[in-house]
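Residue-level structural notes
One letter stands for each residue in the lines below.
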Amino acid sequence: MAVRAVRGAVQLERDEAGHMDEQVGALLTAVLERNGLTADDLISIWFTATPDLHSDFPAAAARGLGISDVPLICAQELDIAGAMPRVVRILAHVESDRPRADIAHVYLGAAAALRKDIAQ
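Keep in mind that what you see is a predicted model, and the values were worked out from it rather than measured.

What about the environment of His 105?
Assignment of secondary structure puts His 105 in the loop between β4 (87–96) and β5 (106–108). On a C-alpha basis, the gap between His 105 and Trp 46 in space is 14 Å, while along the polypeptide they are 59 residues apart. Among the polar contacts listed, one links the side chain of His 105 to the backbone nitrogen of Arg 7, at a separation of 2.9 Å.

Here is the structure:
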């Protein structure tokens, strides 16, 4: 079994805890489903949020999905002029037999514009 990294992002419509929980939960669910993974395959997840998001920790959405024994960490994304606002990004480390080229990176909604080269 190999260790793989999976990227993803979602843009929130507004900075509200319930909305963040819903959207980040949808992102994590899509990452697991599109890569044929379960919570047991997760090693760790890094979350970043743009500086305009203050309502909650993105990692709270993972805990809400029952991902309770996986190390999670949140950080603030760089504050770059002109960057897409209200974005939560993830970098998940997983155990998978899939070749690196077959990993599905998930960019939901408007966040797909961030990485057209790898978004699936």
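The structure having been displayed, the exposition proceeds.
As for the side chain of Thr 50
For Thr 50, the location among the structural elements is in the loop between β2 (42–49) and α2 (59–64). By relative accessible area, which is 6% here, Thr 50 ends up buried. Of the polar contacts made by the side chain of Thr 50, one reaches the side chain of Asp 52; its length is 2.5 Å. Beyond its immediate stretch of four places on either side in the chain, Thr 50 contacts Glu 77, Met 84, Pro 85, Arg 86, Val 87 and Arg 89.

A few points about the pattern of salt bridges
A side chain of one charge can pair with a side chain of the opposite charge when the charged atoms of the two come close. Under the counting rule described, the total for this entry stands at three salt bridges. Between Glu 16 and Arg 14 there is a salt bridge, with its nearest N and O atoms 3.0 Å apart. A residue is classified by how much of its surface remains accessible, and Arg 14, at 37% relative accessible area, is partly exposed. The residue Glu 77 makes a salt bridge to Arg 89 at a minimum N-O spacing of 3.6 Å. Of this pair, Glu 77 sits in the loop between β3 (72–76) and β4 while Arg 89 sits in strand β4, placing them twelve residues apart in sequence. A residue is classified by how much of its surface remains accessible, and Glu 77, at 23% relative accessible area, is partly exposed.

A short note on the side chain of Arg 89
By relative accessible area, Arg 89 is classed as buried at 16%. Setting aside residues up to four positions removed in sequence, Arg 89 forms contacts with Arg 7, Gly 8, Ala 9, Trp 46, Phe 47, Thr 48, Thr 50, Glu 77 and Leu 114.

A closer look at the nonpolar core
The biggest cluster of nonpolar side chains holds 29 residues, and the ones touching the most others in it are Ile 45, Phe 47 and Val 88. It is helix α1 (residues 17–34) that contributes the most residues to this core, seven residues altogether. Contacts of Val 88, omitting those with residues within four sequence positions, involve Gly 8, Ala 9, Val 10, Leu 12, Val 24, Leu 27, Phe 47, Thr 48, Ala 49, Leu 53 and Pro 58.

Some details on the pairing of strand β1 (residues 2–11)
As defined by bridge partners, β1 adjoins β4 across ten bridges and the pair is classed as antiparallel. For Ala 5, the partnering residue across the bridge sits in β4 and is His 93. Of the pairings in the sheet, the one linking β1 to β5 comprises three bridges and is parallel in character. For Val 10, the partnering residue across the bridge sits in β5 and is Leu 108.

Conventions adopted
Counting from 1, residues in each chain are numbered in the order their sequence is written. pLDDT decides what is reported in this predicted model: residues at 70 or higher carry local features, side-chain atom pairs at 80 or more are listed and counted, and totals for whole chains, interfaces and linings draw on all residues regardless. Processing note: side-chain calculations cover all non-hydrogen atoms of the structure and skip hydrogens and water entirely. Each helix is a run of H or I in the DSSP string that is no shorter than four residues. Each strand is a run of E no shorter than two, and both are numbered from the N terminus. By the criterion applied in these results, polar contacts are pairs of N or O atoms within 3.5 Å in which, for protein atoms, one can donate a hydrogen and the other can accept it, and in which residues neighboring in sequence qualify only through two side-chain atoms. Burial classes follow relative accessibility: with a 1.4 Å probe on protein chains only, a residue under 20% of its type's maximum area counts as buried, one over 50% as exposed, and anything between as partly exposed. Throughout, a residue-residue contact means that at least one pair of heavy atoms, one from each residue, lies within 4.5 Å. Throughout this description, the term salt bridge denotes a Lys or Arg side-chain nitrogen within 4 Å of a carboxyl oxygen of Asp or Glu. Here, nonpolar core means buried Ala, Val, Leu, Ile, Met, Phe, Trp, Tyr and Cys residues that are tied together by side-chain atoms lying within 4.5 Å of each other. If DSSP finds at least two bridges between two strands, the strands pair.

Purely geometric stuff here, so don't read any function into it on its own.
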